Amino acid sequence: MPKAFVPVGGTPMVRLAVDGLLASGAVDRVIVMVPAELVESAVALLPPSDAVHVVVGGAERTDSVRAGIAAAPDARSFLVHDAARALTPPGLIARVAAELRAGHRAVVPALPVVDTVKSVDAQGVVTGTPDRATLRAIQTPQGFAAGVLREAYAADVPATDDAGLVERLGIAVRTIPGDPLAFKITTPLDLRLAETLCAAARGV
């Protein structure tokens, strides 16, 4: 099944992510992009709220974000969130939104990189060692003024990171302290950690 529908602590990641957005008190509307064949399933498992809408996403991540942007033509700002970061604290979401309200046009949560990072060539040979003091691991939600994100997505350029598209416009992207709980649930080990954290939160 798609990763967003994998349960963590008995609840699908997409539901946990949406609940976190709503709990932040900083979000007026949540638009969830899913494959066409999963729209009904998503509607059934998400909270019954006028603030939550499900739309059909696209073949690539950028196509899905475009679908979300198109579904909110009157939005003044966007928070682009990854359902795989299902345990993101509502407080972090609220802080990103607060930075947008303070006038910043692009805001991302970031954590210092604790591992040494190497650049390598196609043969796997190390070509350099960036100074990790200047590196950050970027999380979501990433926040943008609506006009900025619309302009960034007007170009048909693939990207795994919305801020990367905005950077192409020459717009400064502000970082704020991220949260370890906003980690991306990608591997079986990540899922096991998330399950453990959910059980601890329930007092199990």
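Definitions and cut-offs
Residues numbered from 1 in each chain as written. Predicted model: local features only at pLDDT ≥ 70, side-chain atom pairs only at ≥ 80, totals over all residues. Heavy atoms only, no water. UniProt positions renumbered as here; feature names shortened; annotations may be inferred. Core = buried A, V, L, I, M, F, W, Y, C linked by side-chain atoms within 4.5 Å. Buried < 20%, exposed > 50% of the residue type's maximum accessible area, 1.4 Å probe, protein only. Helix = DSSP H or I, 4+ residues; strand = E, 2+ residues; numbered from the N terminus. Contact = heavy atoms within 4.5 Å. Polar contact = N/O pair within 3.5 Å; in protein donor to acceptor, adjacent residues only side chain to side chain.

Under the annotation held in an unreviewed UniProt entry, the protein chain carries the name 2-C-methyl-D-erythritol 4-phosphate cytidylyltransferase and is attributed to Nocardia puris. Per UniProt, the protein chain carries the Catalytic activity (unreviewed entry) text "2-C-methyl-D-erythritol 4-phosphate + CTP + H(+) = 4-CDP-2-C-methyl-D-erythritol + diphosphate". Looking at the protein chain in UniProt, the text filed under Pathway (unreviewed entry) is "Isoprenoid biosynthesis; isopentenyl diphosphate biosynthesis via DXP pathway; isopentenyl diphosphate from 1-deoxy-D-xylulose 5-phosphate: step 2/6."

### Topic: the nonpolar core
If you look at the biggest cluster of nonpolar residues, it comprises 18 residues, and the most contacted ones within it are Ile69, Phe78, Phe144, Leu149, Tyr153 and Val166. Elements with a minimum of two residues in this core: helix H3 (61–70), strand E5 (77–80), strand E6 (106–112), helix H5 (146–154) and helix H6 (162–167). If one sorts the elements of this core by residue count, H5 sits on top with five residues. Setting aside anything within four residues of it in sequence, one finds phenylalanine 78 in contact with Ile69, Ala72, Leu100, Gln142, Gly143, Phe144, Ala146, Leu149 and Arg150. Core analysis: the second largest hydrophobic core is formed by 16 residues, Val27, Val30, Leu46 and Ala83 among them.

### Description of unusual backbone geometry
Across the junction of threonine 140 and proline 141, the peptide omega takes the value 10°, indicating a cis bond. Within the fold, proline 141 resides in the loop between strand E9 (136–138) and strand E10 (142–145).

### Describing the UniProt feature "site: Positions MEP for the nucleophilic attack" (unreviewed entry) in the protein chain
The sites that UniProt annotates as "site: Positions MEP for the nucleophilic attack" (unreviewed entry) are Arg132 and Lys184. Relative to the assigned elements, arginine 132 resides in the loop between strand E8 (126–128) and E9. Arginine 132 sits in the partly exposed class, given a relative accessible area of 39%. Not counting chain neighbours up to four residues away, the residues in contact with arginine 132 comprise Val113, Val114, Asp115 and Thr116. A polar side-chain atom of arginine 132 sits 2.8 Å from the main-chain carbonyl oxygen of valine 114. Structurally, the position occupied by lysine 184 is in the loop between strand E11 (174–177) and helix H7 (188–202). Assessed through its relative accessible area of 35%, lysine 184 is described here as partly exposed. For lysine 184, the residues in contact, after removing those within four places along its chain, are Lys3, Asp82, Ala84, Arg85 and Asp190.

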